[in-house]
Amino acid sequence: MATTLTCTLSGPARVSAGEPVELVFELSNPTAQSLRVLGWHTPLEGVRNNIFDVSRDGDSLEYRGPMAKRGPPTADSYVALSPGTSVEGKVDIARFYDLQAPGTYRIAFRGPLMDVAREGEPVPAPNGGFRPAEVPCPAVEVTVTP
């Protein structure tokens, strides 16, 4: 599904080793229609899978957090976004990736959104179908100092 949802990812520019690295993921609906977004695999639900690409000075880091398995989504699994509104999720990325070594870390949301429903479309989609949507979300860089 083509969508015009927008995404921003923000975090601190600099932290000391061992400090939390809180990222803010903001999803916005600049369209004139209401949308519902499945929050799974996004920071809107926290971190329950490998949803970020993280690297330090160009070397990829391994995810070390939970890997959630679930049944089919319910209507409560979706976040409603009225026209012109935003929703955000905050996560401490240092809980899921080793950010102890000094260096510059690049953090990007992997995407896509698993399911995005337009106004009037059922959620969840019938027969387990999903309407995935790419959403550009620029990466952030965080410098970790000793």
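None of these values were measured; they are calculated from a predicted model.

Cut-offs used in this document
- Residues numbered from 1 in each chain as written.
- Predicted model: local features only at pLDDT ≥ 70, side-chain atom pairs only at ≥ 80, totals over all residues.
- Heavy atoms only, no water.
- Phe/Tyr/Trp six-rings, centres within 6.5 Å; stacked < 30°, edge-to-face > 60°.
- Helix = DSSP H or I, 4+ residues; strand = E, 2+ residues; numbered from the N terminus.
- Buried < 20%, exposed > 50% of the residue type's maximum accessible area, 1.4 Å probe, protein only.
- Lys NZ or Arg CZ within 6 Å of the ring centre and 35° of its normal.
- Polar contact = N/O pair within 3.5 Å; in protein donor to acceptor, adjacent residues only side chain to side chain.
- Contact = heavy atoms within 4.5 Å.

Draft legend 1. Representation of the packing of aromatic side chains. Scanning all chains against the criterion turns up three aromatic pairs. Ring geometry for Tyr63 and Phe96: centres 6.5 Å apart, planes at 20 degrees, overall stacked. In this pair, Tyr63 is assigned in the loop between strand E6 (59-60) and strand E7 (78-81) and Phe96 in the loop between strand E8 (86-92) and strand E9 (103-109), connecting sequence segments 33 residues apart. Assigned by exposure class, Tyr63 and Phe96 land together as buried. The ring of Trp40 has Arg70 lying over it, and the distance from NZ or CZ to the ring centre is 4.5 Å.

Draft legend 2. Here's a closer look at the side chain of Glu45. Along the chain, Glu45 turns up in the loop between strand E4 (35-38) and strand E5 (52-56). For Glu45, a relative accessible area of 17% corresponds to the buried category. Here Arg70 takes part through its side chain, which lies 2.7 Å from a polar atom of the side chain of Glu45. Excluding anything up to four places from it in sequence, Glu45 contacts Gly39, Trp40 and Arg70.

Such coordinate-based values are descriptive only and should not be taken to indicate function.
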